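Fold and contact review
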Amino acid sequence: MKKKWIRIATIGVFVLMITALPLSWYLKPEEERTDNSENRVLAELPQVTEAEDILNVPQAFDAYYSDHLPYKEKMVSIKSDVEMSLFQQLDSDQVILGTEAPWLFYKAADGQPLENYKHTNPFSEESMAKIAEVLYSLQTKLYEEGTDFVLIIAPDKETIYGPDYMPSDIKVMEENPQRTEQLLAYLEEHAPDIKIIYPKDVMMAEKKGLETAAEEATAAAKESDGTGAVYAGWPLYYESDTHWNKIGAKVCADELFDLLAETDRNYLTEYIDVTITDLGDGSDEAYPAGEKMYKKGDMQTLAQLPDSFNSQEFRAEGTLPADETYLVKAPGGEEVYQRYRSADSRCAKKSLYFVGDSFRWNIADFLKGRTEDCTIASRYYLDLADVAEQQPDVFVYMLAERYLHELEVLPGVAAPALAYTDEFQKADIY
């Protein structure tokens, strides 16, 4: 009898072990069960509506189970912590561990960042011809409406910092053309009137300048007090994120207004003293006044890495003020359309319409007060009818380097763009 109860108790403990976590998960409020750091739509439970759907059920259910596994992010986080603590390695199909922490690089299928870095994805002649055709068509349409056109290619983080921190086993195929430079050469020959900003060279120069300043500060500290303090050069990109920070964004914004000023001196704003700081001003409780600022990077979140991988944050001081007059928010909270107006006497008496991907978030601070009217929107929701209605002096289309292939099917130009639905929040602020 005693053995029987031992067997029952053993079975009971085993059942409890395999059911406790799932049960505790599903007993939590639904809003606390949102476990998605991957910035994508999670797989849905497969539905069988037709006979042929049955063939897809196993694969679809596997994807659903993988996405909705209880405590998935916590388990991934523990796995990452163990790998980093014991082996200094990271097993991820989306993130590459740089040669120095907290530097991370992106290798997911969202765009082609790693392929671009390795020179393994050159354009075909047909693709470049199609891109030139699409861009020329957009430029012609805008010119007919009295609007200038500028294309900005935001360099990938791998382009700027890969040579410094990319693992040595990831080789660059130097014999192959780098596709951004390949496309720029093609457009210069076949569509020379298109104004293009690719701030790679100026960013590399800025990077070198910041590193030199840090070396000089380190040497001065050693000479003055012998403390051996080491100063790190401010980066232009977040170490654990795919995007540029305020420093990198400002470099690109300055390039834009320098280009515009070449043909219209109204855009000259050299006397505006914008400075960058890494200290909080107390306006955000996450960044106390006088303390250094840090943020979790998107790749850090994807790989569930600890706070030691937080990226240094920066803010801009001295940007021109602007009032937000209209706002559209996506269901997830992303601000996909913003309209600003500046009454500052120092701003250019011009109107700017700027569309871009997520790189637009940090550059916005350096745009919205520089012209009298400024619209900043997600390129995925590009509405040329709205552009025509706003009648801007200049229209800027910006995309990250890893998305260059999308210029063939430019959303809103050569392919349908996403549309606002009833779930979007729209607000006339004044």
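The shown structure was predicted, so the numbers you read here are calculated from the model rather than taken from an experiment.

Cut-offs used in this document
- Residues numbered from 1 in each chain as written.
- Predicted model: local features only at pLDDT ≥ 70, side-chain atom pairs only at ≥ 80, totals over all residues.
- Heavy atoms only, no water.
- Helix = DSSP H or I, 4+ residues; strand = E, 2+ residues; numbered from the N terminus.
- Buried < 20%, exposed > 50% of the residue type's maximum accessible area, 1.4 Å probe, protein only.
- Contact = heavy atoms within 4.5 Å.
- Areas by Shrake-Rupley, 256 points an atom, 1.4 Å probe, with all protein chains shown as cover.
- Pairing = 2+ DSSP bridges.
- Axes fitted to C-alpha atoms, helices over the stretch in contact; angles between N-to-C directions.
- Phe/Tyr/Trp six-rings, centres within 6.5 Å; stacked < 30°, edge-to-face > 60°.
- Expected span 1.5 Å × (residues − 1).
- Arc of directions from axis to C-beta.

This part takes up the overall build of the protein chain. When you go through the protein chain residue by residue, the secondary structure sums to 12 helices and 14 strands. The buried share of the protein chain, reckoned over its 430 residues, is 44%. Pairs at least 24 residues apart make up 70% of the contacts formed inside the protein chain by residues separated by at least 6 positions. Taken as a whole, the protein chain presents about 23,200 Å² of accessible surface, with 52% of it coming from carbon and sulfur.

For the rest of this paragraph, the subject is the sheet that holds strand 3 (residues 148–154). Judged by pairing direction, the sheet is mixed, and its eight strands sit side by side in the order 4-3-13-11-12-10-9-14 without closing on themselves. Taken across any chain shown, the strands that pair with only one partner, and hence form the sheet edges, are strand 4 (195–197) and strand 14 (425–428). Ignoring which end each strand starts from, the neighbouring axes of this sheet average 15° apart. Pairing geometry for strand 3 and strand 13 (residues 394–400), over seven bridges, is parallel. The residue bridging Asp148 from the neighbouring strand is Val394, located in strand 13. Sheet contacts for helix 5 (residues 125–144): strand 3, strand 4 and strand 13; angle to strand 3, the most-contacted strand, approximately 145°.

In terms of burial, strand 13 is largely enclosed, as seven of its seven residues are buried. Because side chains alternate across strand 13, one face comprises the buried residues Val394, Val396, Met398 and Ala400, and the other comprises Phe395, Tyr397 and Leu399, equally buried. Here strand 11 (residues 348–356) pairs with strand 13 via four bridges, running parallel. Within strand 13, the residue paired with Tyr353 across the bridge is Phe395.

What follows covers the packing of aromatic side chains. Using the criterion set out here, one finds 13 aromatic pairs in the structure. Measuring from centroid to centroid gives 4.6 Å for Trp103 and Tyr165, while their planes differ by 10°, and the two rings are stacked. Taken as a pair, Trp103 in the loop between strand 1 (95–97) and strand 2 (104–106) and Tyr165 in helix 6 (residues 157–165) lie far apart in primary sequence, 62 residues in all. Seen in terms of ring centroids, Phe149 and Phe395 are 6.3 Å apart; in terms of plane orientation they differ by 25°. Their pairing is stacked. Of this pair, Phe149 sits in strand 3 while Phe395 is found in strand 13, placing the two residues 246 residues apart along the sequence.

Once that is clear, we can look at helix 6. Burial within helix 6 is extensive, with seven of its nine residues counted as buried. Listing the buried residues of helix 6 in full gives Lys157, Glu158, Thr159, Ile160, Tyr161, Gly162 and Tyr165.

Here the residue pair Ala101 and Pro102 is connected by a cis peptide bond, since its omega of 5° sits within 30 degrees of zero. Counting through the fold element by element, Pro102 comes out in the loop between strand 1 and strand 2. A positive phi angle, near 55°, is found at Gln304, a position not held by glycine. Considering the arrangement of structural elements, one finds Gln304 in the loop between helix 10 (298–302) and strand 7 (311–313).

All right, on to the pairing of strand 11 then. In terms of residue burial, strand 11 counts as a mostly covered element, since eight of its nine residues are buried. Examined bridge by bridge, strand 11 and strand 12 (residues 371–378) share seven bridges and lie parallel to one another. Its bridge partner being in strand 12, Gly356 is matched across the sheet by Ser378.

Bringing helix 7 (residues 179–190) into the picture now. Along its 12 residues, helix 7 runs 16 Å from first to last C-alpha, staying within 8% of the 16 Å computed at 1.5 Å per residue. By the burial criterion, the buried members of helix 7 are Arg179, Thr180, Gln182, Leu183, Tyr186 and Leu187. Along helix 7, the residues classed as buried sweep out an arc of 160° about the axis, all on the same side. Opposite the packed face of helix 7, turned more than 90 degrees from it, sit the exposed residues Glu188 and Glu189. Against the buried residues of helix 7 lie helix 4 (113–118), helix 5, strand 3 and strand 4.

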